[in-house]
Every structure is written in structure tokens, then in C-alpha cells.
Amino acid sequence: MRSWSKLLRVLLCITTLLSLTACWDQNLLKDVSLVLSIGFDKGEEKELSTSISTRQFEGNIAAGSTDNAVRIIQIESHTPRESRSLLDRRVSEKLDSSKLRVILLGEELAKQDIFPLLDIFYRDPRSALNARIAVVRGKSEDLMRSVADTQGTVSEYVSDLLESAEQSTTVFRENIQTLSSKLLDPGQDFSLPLLQTTSGEVSAEVIGVSLFDGRSLTGELLGDDATLYILLNDRLERTARLTKPIGTEKEVTDYITFEVQEVDRAIHVTANEPDEVYVNMDVNLEIKIIEYPPNELASQEKIDQLNQWLAKLLTKEATSVVRKLQRARCDGFGIGRRMMAFNKDVWEDLDWKDTYTKMPFSVDVHVDIVQKGVLN
């Protein structure tokens, strides 16, 4: 009896081991073509133009002598899913987007509802939800081809470009996963990094952020306006560096460059009646002077003067940023979300976007120089 029991246990172990070695859902790299970046543009003949970048290995893989080339493949279709099916017919392997790093949206296409473009990524369980997403001024296909010609790998170059902009507080950190909740939130709008194609060795650059009303592109903030917008959202990454004029002449000595060390923002929303909604925003910035040619920072009186000058200048620029957001109908500060939480009765009686574009919105920026550099 014991021998039969022992034999059954051995057979059971062998059967279990054999079943574990069977991989019915394996996805071998040699059988697929990895899609590393993808761009969507408005089509000429059909609704959608899709461009993908894939790596093509040329040479003898077994011998280890291969050349890694980048291919840009473009096709027109009615939907993203159809474009993937059509693109599958143009490559020898099956397309696999599980390693996707970058999604680029052409400017004209982004002015429409962008959710249908991203629906395919949210429904596929193998999608790379950490893929960065950005808007391209002009056509995304042109930027991808320009980067491929000068830099080689589109996905790596653009992804590193966006990461650098994120760390310098030029754009928000945004990917498919973080964007999902904002696409469906009626109380807050979002922004995406804005790229453009350049000539020469530098084939692409980050120029600011694109503003969205709901799920459609409606405006943009460029340069320092984009950085200031992020600071007004109480966000600060590794650095935030700004250069501002301190005089009327156009000389090197008439500018000051500083880095923001700390940001503290408070928003106060007053909503007593549907026609009495207004917002006050107070922003405190602690800054470090990193360039100041006049070199007059030994005096506390001079420091106080600079604090007041920069506070006045940044208040004016911050007010301009808010006006641009209102004209774009982009509630990038989530004022609607605050209204829904704390003023629900007033919120339900509002045409919110109409109210948002017209309501008084005051900004007050305070500046405090906390570091002057080793020279002083």
C-alpha cells in the first residue's frame, strides 16, 4: 500500500513539473516587431494618419553582426485599431506595443476629442501605461522622421527630452495612466507637453505646454509662461530657472537669473451666487540668485528692492498666464473641482465654462531671496 502511495506522489510531482514548463501565452521577441513610438495626425484622405517607429535588425543575428536601424511607417485609416491592423500587413513580424515609450499627437488632430485616440491603449491589458504623451506643433510624422534622421532612435530621444523638461519644471509629468482620470473629470482640465520640429542637429525641442478644454486642444503657454503655470499649480520639480529684466536697457547687466527653491500657493474660491464667483490666489516663492552682473546684493535694502521688483513683475506675468487659461477655457487649476466639493449648490446652477472664462481671478506673487550665491 505504501509503495503505491509513494508511486502516486512521484507521478503527481512529475505531472506538475511538466505542466509548469508549458508556456501557452509566450511572446518571443524574435516573432514580434516592437512599436517604440507612435504618432497620430489628421489624415488627408481618411480621418486618421498613424506613424510608428520600429527597430529593424539587419545582418546575421546568430553571428552577432547586426545593424540596428529605425523604420518610420505611416498609414491612413478610420480608427487607431484599424491602423494597427493595416500596419501589421506591412511588417514581417506581428506588431507589439507593450514597450511603447512615446505617443505624439499632431496639433490639428488634438483640436478634436483625443479620447478616441487613446481608447485602444486603455482597453488592451498589455499596453505600456507609462508611455509619455505630448502634442506636436505641426505634424507628428514630420517630427518623428526628423528625429530618426538625426538622432536614430525616436522613442529614446523624445522620451529623454520630455524627462529633462519635466525635471526643469517646464512641463507636467504626464503619461497614459496619469491622464486617464483627467480625461473624464468635469471639474479640472489638463495640459500636455508641446514639441516642435527644428532644423540642424537638434531635431526637436520642448517649447511649452498645450492647454485643453475638456479633451480638445484650445491654447498654449510657451517658455517662462509654462514654468510659471506649473509653479502656480504648487508644483516644483528638480529646478525652475527664470531670467527676468531689472532695467530698461537691453544689456547683460539689466537681467537677473534665479532658481525657485520653494513654492507655497493658496487658492481661495468665493461662490455665494452663480453670478458671484471669484478666485484669489496667493503665491510665495523662495528664490536663489544664480546670476546678477551688477553684484549689489550685500545690502539688505537692495535685496528688498529686488524682492519687490520681482514680485511686481511675476504678479503681472502670472495674471497674464491666468488670462490665457481663461481664454482657452482651460481650468488647469481645478477651480471647478473645488466648486463641486465646497459649493455644490452654486455649481449645479452654473454653466461652468462660461462662468470660468468671465469670472474675476486675481493673483498675488510674493518673492523672498533666500540665497545670494557665494560671491556675496
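For this particular structure, what's the right way to read the packing of aromatic side chains?
Aromatic rings in a pair are described by how distant their centres are and how their planes are angled relative to each other. Inspection of the entire model under this criterion finds 7 aromatic pairs. Each ring, one from Phe172 and one from Tyr229, has its centre 5.6 Å from the other, and the planes form 90 degrees; the classification is edge-to-face. With Phe172 in the loop between α6 (154-167) and α7 (176-183) and Tyr229 in helix α8 (residues 224-232), this residue pair connects regions lying 57 residues apart in the sequence. The burial state of Phe172 is the same as that of Tyr229; both residues are buried. For the ring pair Tyr229 and Phe333, a centre distance of 5.8 Å and an interplane angle of 70 degrees mean the geometry is edge-to-face. Within this pair, whereas Tyr229 is found in helix α8, its partner Phe333 is found in the loop between α9 (300-327) and α10 (335-342), the two being separated by 104 residues in sequence.

I'm lost on the sheet that holds strand β10 (residues 241-245) in this one. Help?
With respect to topology, 4 strands assemble into an open sheet ordered β10-β11-β12-β13, the strand pairing being mixed. Taken across any chain shown, the strands that pair with only one partner, and hence form the sheet edges, are β10 and β13 (361-371). Pairwise comparison of adjacent strand axes, ignoring direction, gives a mean angle of 40 degrees for this sheet. Contacting β10, β11 (255-273), β12 (276-291) and β13, α8 runs over the sheet at an angle of about 120 degrees to β10.

I'm lost on the environment of Asp331 in this one. Help?
With respect to the helices and strands, the residue Asp331 is situated in the loop between α9 and α10. Residues in contact with Asp331, not counting those within four places in the same chain, are Gly187, Gln188, Asp189, Gly336, Trp352, Lys353 and Tyr356. In terms of polar contacts, Asp331 uses its side chain to reach the backbone amide nitrogen of Gly336, at 2.7 Å.

Cut-offs used in this document
Residues numbered from 1 in each chain as written. Predicted model: local features only at pLDDT ≥ 70, side-chain atom pairs only at ≥ 80, totals over all residues. Heavy atoms only, no water. Phe/Tyr/Trp six-rings, centres within 6.5 Å; stacked < 30°, edge-to-face > 60°. Helix = DSSP H or I, 4+ residues; strand = E, 2+ residues; numbered from the N terminus. Buried < 20%, exposed > 50% of the residue type's maximum accessible area, 1.4 Å probe, protein only. Pairing = 2+ DSSP bridges. Axes fitted to C-alpha atoms, helices over the stretch in contact; angles between N-to-C directions. Contact = heavy atoms within 4.5 Å. Polar contact = N/O pair within 3.5 Å; in protein donor to acceptor, adjacent residues only side chain to side chain.

All quantities given are derived from atomic positions and should not be read as evidence of function.
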